[in-house]
Amino acid sequence: MSTPADFDLKERVRSAVDILDVVGQGTEVRPQGRNFVVRCPFHNDRRPSLTINPERQSWKCWVCDIGGDVFSFVMQRDGVDFPTALRTLAEQAGIEVDSFRRTKKTKPGAPDDKPTLLAAVAAVTEAFYKQLESGRDADTQLAREYLEHRGINDESRRRFRIGFAPDDWSFAINELAKRNFAGDVAEAAGVAIARQSGQGYYDRFRGRLIFPIHDLQDRPVSMGGRVIPAIADRNDGHDAAKYINGPETLLFRKSNQLYGLQLARDAIRTGGEVLVMEGYTDVVAARQAGIEPVVAVLGTALGEAHVKILKRFARRVVLVLDGDVAGQTRADQVLELFVSADVDMRILTLPEATDPADFITDHGRDAFTELVKNAPDALDHKLAKQTDGVDLRKDTHAATTAMETILAVMSKAPQADLRHDQLLVRLSDASGVSVDRLSRRLDVLREQAKKTRPGSSPTGRRTGARPIGTISRAQDDVNAMLSGAADDFDDVDGWGSAGNQTVRERLIGLQPISGVDRELFETLIESPELAAMAVEAIDPAWLSSNTAQMLLSAYQDLDLAGKDLDVDSLLLIVENDQLKNQIVSLQQRVDQRAGHSADEVDRRYTAILTRYRESEFALEKNRQIERLASATMADDEELELLKELFDAERFRQGIRPHDET
Ligand SMILES: [Zn+2]
């Protein structure tokens, strides 16, 4: 949660930038009443759907159901966390960020301090880079020769900051020690490994070419090392892995990081297409051949989190697969992603036993571009594979089997009706089976899938809401969880089943705010002066969703910090972009209604309180009745409890003579 100093910094930044400039940057901004509209960058928007409210400095796309303030826009646009968005905007506005405060209670120099780790990774990648550029020893010479042998030129070496890790157990550790970084920082940064003896650390990358991995702010966050055969042969020989990647750290998660994205982003935006490859050298080779919108996954399959990032920049994702067996398996898995992610996903399988780098070297850029242009989408690819030359319209058995496989994949995906309808039409065309029959079969499979899924039984005492996070989780924890929302996909291979949550729910992790909770917060937004009372009067345990609890806790924090309890302050103190969206949605609902008189608002607030107390009372009564029924009480205790129940009921009736029921 933010401290008053953070709050002031945020306030300064927000008043220094205009949301219209930030959201409208590079697109046509049209006035609409008192608001403005632009084409939403987060979905395939044909008409301007994203509304900007300059007065409130908020934005909202109802199609995507996302919105918020200028900070959450930058978070979504750049795929970054709150502190980064704040820093970006502060820099844009020319505000000194020296006073920038760390949001977590970490100390500079500590292994859990992000800025420290960023500095450590930057120092090591720079040292490796300089080593490759100007090292005089025989090994570095071998590394340079190998790079040349792979056809990577000097321009590419500089562009991708390729380096060389000497065949040494403590090169990186020493480089860091010179700059006063401790061994545990080297380990937390992913460049060193703790010795099993517990005594000290040794370098993770030794005798390898180093490909730094950058985030979207162009900061190195990790690195991958490629083996240099002449050096490996001398040591562990054939045992050496061809590539090793940095481990998962505070800075680096392979499930949502893409190699080369920081260099490819503009080209991807311009062309609307991105090529996803499997290795760093493929990306370097493609770029060197003049193919710019290229990225690579990092030792993992392309997953939903990757696609979510890519969809911000591209309409079309072309997965370029090596012509080996592993590549073929991935093509099968990608169908699931295609069905659920609502993105034009193409699959380009290269001829047997070639990778993109080989192919481009051997056949040239144009031949490669031609393959990309003609790549089938994931469904056609699967159909082609499934049928392997059989005419489905003639061979009904083959058709049924193929349809069954594909429908099974669709049944597991979150229901995207329009898209699924389109897919069914295509399946029908290919197989000759009617759309109606396919659709009925899909319904049956969906029902079956539902039954076998974990978590499909009703949960949640009062709401039936799905427990996405522990409700009582402190807001900081929830924020931490949500700011890495994409990480929630992080099952190792990225292909975990969807469960019974929709993709949106899994992304957001916030339970919908509804019923009396929603009335409460709408009332508080409409009438901030009531909020101070509510902070005292409302017990967080009464609220039905984590969203409502987080909102109340934000109000409490504002109250403690002595700030106004209005929407502007609320948006500033809340850093989570999804929660900001909820606030803006509530605000807009309030705006769309006719204003209430102060009396009406007061009456409504009182009625809300009464409803909370009523349901608490009912719960407490049930608990007491359960205790009575358990019959483990002494007689006098039982009598006492009965009397309590009776008194409480009398009291309740007494204070509410005009019961509306
Ligand atoms: Zn949108």
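Residues numbered from 1 in each chain as written. Predicted model: local features only at pLDDT ≥ 70, side-chain atom pairs only at ≥ 80, totals over all residues. Heavy atoms only, no water.

## As for unusual backbone geometry
Inference 1: At Gln57, a position not held by glycine, the phi torsion is positive, near 55°.
Inference 2: Considering the arrangement of structural elements, one finds Gln57 in the loop between β3 (50-53) and β4 (58-61).
Inference 3: For Gln57, a relative accessible area of 18% corresponds to the buried category.
Inference 4: Here Arg161, not a glycine, exhibits a phi torsion of approximately 55°, which is positive.
Inference 5: Summarising the element assignment, Arg161 is placed in the loop between α7 (154-159) and β6 (163-165). (Helix = DSSP H or I, 4+ residues; strand = E, 2+ residues; numbered from the N terminus. Buried < 20%, exposed > 50% of the residue type's maximum accessible area, 1.4 Å probe, protein only.)

## Observations concerning the sheet that holds strand β5 (residues 66-68)
Inference 1: Taken together, five strands build an open sheet; the order of strands is β1-β2-β3-β4-β5 and the sheet is antiparallel. The open sheet has two edge strands, β1 (30-32) and β5, and neither has a second partner. Within the sheet, the average angular offset between the axes of one strand and its neighbour, ignoring direction, is 25°.
Inference 2: Strand direction decides the pairing type here: β3 and β4, joined by four bridges, are antiparallel. Paired with Leu50 across the two strands is Cys61, which belongs to β4.
Inference 3: Relative to β5, helix α27 (residues 577-592) is tilted by about 85°, and along the sheet it contacts β4 and β5. (Pairing = 2+ DSSP bridges. Axes fitted to C-alpha atoms, helices over the stretch in contact; angles between N-to-C directions. Contact = heavy atoms within 4.5 Å.)

## Focus on the confidence of the model for the protein chain
Inference 1: Counting all residues, the mean pLDDT for the protein chain is 80, and 83% of those residues have values of 70 or more.
Inference 2: Long-range and interchain partners of residues 454-508, a stretch whose pLDDT sits below 50, account for 93 contacts in this model, where long-range means more than four residues apart.
Inference 3: Scored below 50 in pLDDT, residues 656-661 makes two contacts in the model with residues more than four places away or belonging to other chains. (pLDDT = per-residue confidence, 0-100.)

## A look at helix α3 (residues 70-78)
Inference 1: A large share of α3 lies buried, amounting to nine of its nine residues.
Inference 2: The complete set of buried residues in α3 reads Val70, Phe71, Ser72, Phe73, Val74, Met75, Gln76, Arg77 and Asp78.
Inference 3: Just downstream of α3, Gly79 is the residue with a positive phi angle, here 65°.

## Focus on the nonpolar core
Inference 1: If you look at the biggest cluster of nonpolar residues, it comprises 67 residues, and the most contacted ones within it are Leu50, Leu520, Phe521, Leu524, Ile538 and Tyr555.
Inference 2: The residues touching Leu50, leaving out its near neighbours within four places in the chain, are Val23, Phe36, Val37, Val38, Cys40, Pro41, Asp45, Trp59, Lys60, Cys61 and Phe73.
Inference 3: Among the nonpolar cores identified, the runner-up in size contains 58 residues, and Val121, Ala123, Val284 and Val320 belong to it. (Core = buried A, V, L, I, M, F, W, Y, C linked by side-chain atoms within 4.5 Å.)

## Focus: the coordination of the zinc ion
Inference 1: Around the zinc ion, the protein contributes the donor atoms Cys40 (SG), His43 (ND1), Cys61 (SG) and Cys64 (SG), which lie 2.1 to 2.3 Å from the metal centre.
Inference 2: Classification of the site at the zinc ion rests on its four donor atoms, whose angles at the metal span 99 to 117°, yielding the label tetrahedral.
Inference 3: Between consecutive donor residues of the zinc ion, the sequence gaps follow C-x2-H-x17-C-x2-C. Residue Cys40 is located in the loop between β2 (35-38) and β3, and its partner Cys61 is located in strand β4; the two are separated by 21 residues in the primary sequence. (Donors = N, O, S within 2.8 Å, 3.2 Å for Na, K, Ca; no water. Tetrahedral: all angles 85-135°; square planar, octahedral: opposite > 155°, others 65-115°.)

## What about the side chain of Thr140?
Inference 1: Relative to the helices and strands, Thr140 resides in helix α6 (residues 138-149).
Inference 2: A polar contact of 2.8 Å, which involves the side chain of Thr140, links it to the side chain of Gln131.
Inference 3: Apart from residues no more than four positions distant in its own chain, Thr140 is found in contact with Gln131, Leu132, Gly135 and Phe164. (Polar contact = N/O pair within 3.5 Å; in protein donor to acceptor, adjacent residues only side chain to side chain.)

## Let's talk about α27
Inference 1: Between its terminal C-alpha atoms α27 stretches 23 Å, which fits the 22 Å expected from 16 residues at 1.5 Å a residue.
Inference 2: Counting buried positions along α27 yields 13 of 16 residues, so the element is predominantly enclosed. (Expected span 1.5 Å × (residues − 1).)

## Here's the deal with the pattern of salt bridges
Inference 1: The final tally for this structure, using the stated rule, is 30 salt bridges.
Inference 2: Among the ionic pairs, Asp443 bridges to Arg446, the shortest N-O distance being 3.9 Å. One end of the pair is Asp443 and the other is Arg446, both in helix α20 (residues 435-452) and three residues apart, which spans about a single turn.
Inference 3: Among the residues examined, Asp443 registers a relative accessible area of 41% and is labelled partly exposed.
Inference 4: Assessed through its relative accessible area of 11%, Arg446 is described here as buried.
Inference 5: The partner of Glu522 in a salt bridge is Arg589, and the shortest N-O contact between them spans 2.6 Å. (Salt bridge = Lys/Arg side-chain N within 4 Å of Asp/Glu carboxyl O.)

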